[in-house]
Amino acid sequence: MSILFQFDVRAVALFVALTFFVQATAIGAQAFLIRELRQYRGVEAALLANLCVAAGLMLRLFGDRLPEFLSVLLSNLLLVAGPGLFYIALSQFTGLPSNKLLVIGILTVGLAIMAYFTYEEVNIARRAIAFSLGSLAMVCLLIYQLWRIQKTALRFSANLMLVSFLVQAIFLILRTLNVIRNPPQDAFSLTPALSATYLLSFAISFFWTTGFVLMVSHRLRNDLLEIATIDVLTHVPNRRATQVFLEKEISRAQRQNGEFSLLLIDIDDFKQVNDRWGHAIGDDVLAKTASLFQAMIRKQDLVGRWGGEEFLVIVPGPCDAEALAERIRSEIAAAEYSDGSNGSFHITVSIGIACASETSLRDEILKQADDALYSAKRTKNAIQMAKEG
């Protein structure tokens, strides 16, 4: 016994339209959650893109009850505008330049051609060709923009959307050729090509929305990770992240019977900087000093803000960090800091150096560096090696 499932083009269009509405809701919820984060530009445009396609499909549902301006012109305009808006959304989110005038031009030319073949010279086939070519132009813009995304964190999401839009571009080309060979007589008759168009739209909408949501999620995750590990003022790892790196170095030294050095650095008389020039200048001093530290260390080293005006530098490898410590001390002493009123001043730092081996414990090595720093602070603008044992 066989069961025959019958459906018409309106049922398919309704299903796809509801899919776009649901996915628009998902993007809308994401937009609401991050509404105060200005760096997440493009989410609203992605929401509008889904709504445009959904509204365009809904207008198609009532094609026999609505005037042609709504069921044909506005419907097709919205369906072509959807990918165009998504192109703008993607550009805004990734920071890549976009050509909004080109999007407007495609929509304008497409609308003019479809209006001509709707009112002046009624020709459903040519109208369908204009719609397909307009959609293809928008999809090509999307493919080009996705191809340009080089950020590693966004590459997977971009590839997910890129493949889906390549498939859509190929389908639109084939659909155009099919319309040329077999001109349709009724815009709402159920043909294999029209059914395939709606079903492909459903699949594309899934990859389109999923890819964009993944992009936003990737950036949100990275931003949250940065908030948790990076000091906001100095833009170097905070104490928590520095401790994690220190623990990894201790583990590495234990596994490989290796060594590494710790440089505990304190800005001398930093309180006087705040008292004399204010806390804003004090913050500038911390930020500039951290930047100078970063410029002097190797890629495998780490400098982190340990607390207040103290910084901890972790130097993997043999315990020969005295030269680095002396360079840091001398370059900081020579650096000029602005006092905010066309004047400048100098600061100095004191540095305690400790060497860690495969037998060193975290608290032990930190105490050695702290004791060495305490000795250096007696004279200031000095470096001091920790005592062995």
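Residues numbered from 1 in each chain as written. Predicted model: local features only at pLDDT ≥ 70, side-chain atom pairs only at ≥ 80, totals over all residues. Heavy atoms only, no water.

Once that is clear, we can look at the packing of helix α4 (residues 100–120) against helix α5 (residues 124–148). α5 packs onto α4 with a crossing angle of 170° between their chain directions and a minimal axis gap of 8 Å. Between α4 and α5, the crossing angle belongs to the class labelled roughly antiparallel. Contacts between α4 and α5 involve Leu102, Val103, Ile106, Leu107, Ile113, Met114, Phe117 and Thr118 from the former and Arg126, Arg127, Ala130, Phe131, Gly134, Ala137, Met138 and Leu141 from the latter. Per-class residue counts for the contact of α4 with α5 are 12 nonpolar, 2 polar and 2 charged. (Axes fitted to C-alpha atoms, helices over the stretch in contact; angles between N-to-C directions. Helix = DSSP H or I, 4+ residues; strand = E, 2+ residues; numbered from the N terminus. Parallel < 35°, antiparallel > 145°, perpendicular 65-115°, else oblique. Contact = heavy atoms within 4.5 Å. Nonpolar A, V, L, I, M, F, W, Y, C, P; charged D, E, K, R; others polar.)

Ordered in space as β2-β3-β1-β6-β7, the 5 strands form an open sheet in which the pairing is mixed. Because the sheet does not close on itself, it has two edges, and the strands there are β2 (302–307) and β7 (383–385). Neighbour to neighbour, the strand axes of the sheet diverge by 20° on average, direction disregarded. Helix α8 (residues 239–256) rests against β1 (260–267), β2 and β3 (310–316) of the sheet, and its axis sits at about 125° to β2. Each of β1, β2 and β3 is contacted by helix α10 (residues 279–296), which is oriented at about 155° to β1, the strand it contacts most. (Pairing = 2+ DSSP bridges.)

In contact at an axis separation of 7 Å, helix α2 (residues 43–61) and helix α3 (residues 68–94) are set at 165° when each is read in the N-to-C sense. Our classification of the angle between α2 and α3 gives roughly antiparallel. The handedness of the crossing between α2 and α3 is left-handed. Along its contact with α2, which presents Ala45, Ala46, Leu48, Ala49, Cys52, Val53, Ala55, Gly56, Leu57, Leu59 and Arg60, the element α3 presents Leu70, Ser71, Leu74, Ser75, Asn76, Leu78, Leu79, Gly82, Leu85, Phe86, Ala89 and Gln92. Residues that form the contact of α2 with α3 fall into these classes: 16 nonpolar, 6 polar and 1 charged. (Left-handed = near helix turned anticlockwise from the far one by under 90°.)

This part covers the environment of Phe202. Within the secondary structure layout, Phe202 lies in helix α7 (residues 192–229). Among the residues examined, Phe202 registers a relative accessible area of 33% and is labelled partly exposed. Between the C-alpha atom of Phe202 and that of Val16, which follows or precedes it by 186 residues, the distance is 5.4 Å. (Buried < 20%, exposed > 50% of the residue type's maximum accessible area, 1.4 Å probe, protein only.)

Let us look at the environment of Ala356. In this fold, Ala356 is placed in strand β6 (residues 349–356). Expressed as a C-alpha distance, the spacing of Ala356 and Leu366, which sit 10 residues apart in the sequence, is 9.4 Å. Apart from residues no more than four positions distant in its own chain, Ala356 is found in contact with Gly258, Glu259, Phe260, Cys319 and Ile365.

What follows is about helix α12 (residues 362–377). With 16 residues, α12 extends 22 Å between its outermost C-alpha atoms, agreeing within 8% with the 22 Å of an ideal straight helix rising 1.5 Å per residue. Taken together, the buried positions of α12 are occupied by Ile365, Leu366, Gln368, Ala369, Ala372, Leu373 and Ala376. Across the axial projection of α12, the buried residues extend over an arc of 155°, all falling on one side. Turned more than 90 degrees away from the buried face of α12, the exposed residues are Asp363, Lys367 and Tyr374. (Expected span 1.5 Å × (residues − 1). Arc of directions from axis to C-beta.)

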